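# Architecture at a glance
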Amino acid sequence: MIPQHCLRLFRQTAFLRRTSRSFSSPSDTIRTQYSNVDQREVENLSKQSTEWWDPNGPIRGLHAMNALRVPLIRDGLIATGVVERDRIQKPDVLRNVNILEVGCGGGILTEVLARLQANVVGIDPSEKLIGVARDHAKENRSLKQDLIQYHVETVEQHAAKNYERYDAVVSSEVLEHVNDKVAFIEQCLSNLKPGGSFFITTISKTTPSWLGAIVAAEQIFKLVPEGTHDWDKFISPLDLQRILTSYNCNTILVHGMFYQFWSNRWCWTQNTDINYAIQAVKIKEA
């Protein structure tokens, strides 16, 4: 029988061979054959770069979502023992925790995690959005600059250089824009340490999600620009859990999320027909 540590080394080597490649520019990163980034999605989201940090603008729903996303990540890391118990009630609760945010956009969630003293790396294929994120971080005097880094790159490129580096990987409101979800999740998990948590928020593939996220949000109430979402790219919690299980992850939490657009507030719900959040833990090998 082949020892487990040898199998692990073999998988790491094979993964690096699949993903390693030199890139001459961020644009090359976006176009690489290893990337499942949809250039149209990148361009569509980049158009909103000038209004990204306007809490009352077209991205206001993402700003409001921090009220759920931040406790989800903080409490999830406490529950799994990544955060030491004596730090639970402290403002620097995430000190020394290494977090990767995949598809960070302009840094709305990234900055908040850094303010909790996590070491946060945000990556995104959009040069415009990373530019916005960097500029906003520099202007934030309450933010320790050494706690936050931004890179214009895909998760594939980042994974090739950061195998099992992070205590947590976050992909919030990204998966519904991804073409090949299996490949994307594999790349995300390669960055994650065994015992670490993968946090995902996304949209389920149901009739209510089509009515809510596309018909209502885009066409009727104009909460987000038309064309922001493609129903064919949505994924149900069950299908997402199946993918995570196939990559040696144990899903420990599934929560529905409901957006009260009239008050720009989010709340937790048992219903996962539209928005939902998942926490999965990468199983440690024996």
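This text gives an overview of the structure that appears in the document. (Residues numbered from 1 in each chain as written. Predicted model: local features only at pLDDT ≥ 70, side-chain atom pairs only at ≥ 80, totals over all residues. Heavy atoms only, no water.)

## With respect to the pattern of salt bridges
Per the counting criterion, the structure on display carries 12 salt bridges. Note that Lys-233 is salt-bridged to Asp-38, the shortest N-O span being 2.9 Å. You can see Lys-233 sitting in the loop between helix 9 (207-220) and helix 10 (237-246) and its partner Asp-38 sitting in the loop between helix 2 (26-31) and helix 3 (39-46), a full 195 residues away along the chain. With a shortest N-O distance of 2.8 Å, Lys-222 and Glu-226 are connected by a salt bridge. Given a relative accessible area of 48%, Lys-222 falls into the partly exposed group. Salt bridges sharing partners connect three or more residues here, namely Asp-38, Arg-40, Glu-41 and Lys-233. (Salt bridge = Lys/Arg side-chain N within 4 Å of Asp/Glu carboxyl O. Helix = DSSP H or I, 4+ residues; strand = E, 2+ residues; numbered from the N terminus. Buried < 20%, exposed > 50% of the residue type's maximum accessible area, 1.4 Å probe, protein only.)

## Things to note about unusual backbone geometry
Located in the positive-phi region is Glu-173, a residue other than glycine, with phi close to 60°. One can find Glu-173 in the loop between strand 4 (166-172) and helix 8 (181-190). According to the relative accessible area criterion, Glu-173 is buried, its value standing at 14%. Even without a glycine there, the phi angle at Asn-264 is positive, about 55°. By the element assignment, Asn-264 lies in the loop between strand 6 (249-260) and strand 7 (265-269).

## Some points on the pairing of strand 5 (residues 192-203)
Taking burial as the measure, the 12 residues of strand 5 include 10 buried ones, the bulk of the element. Examined bridge by bridge, strand 4 and strand 5 share 6 bridges and lie parallel to one another. Each bridged residue has a counterpart across the sheet, and for Val-169 the counterpart in strand 5 is Phe-198. After leaving strand 4, the chain enters helix 8 and then returns to the sheet as strand 5, a path that is right-handed. (Pairing = 2+ DSSP bridges. Right-handed = clockwise from strand over helix to strand, strands pointing away.)

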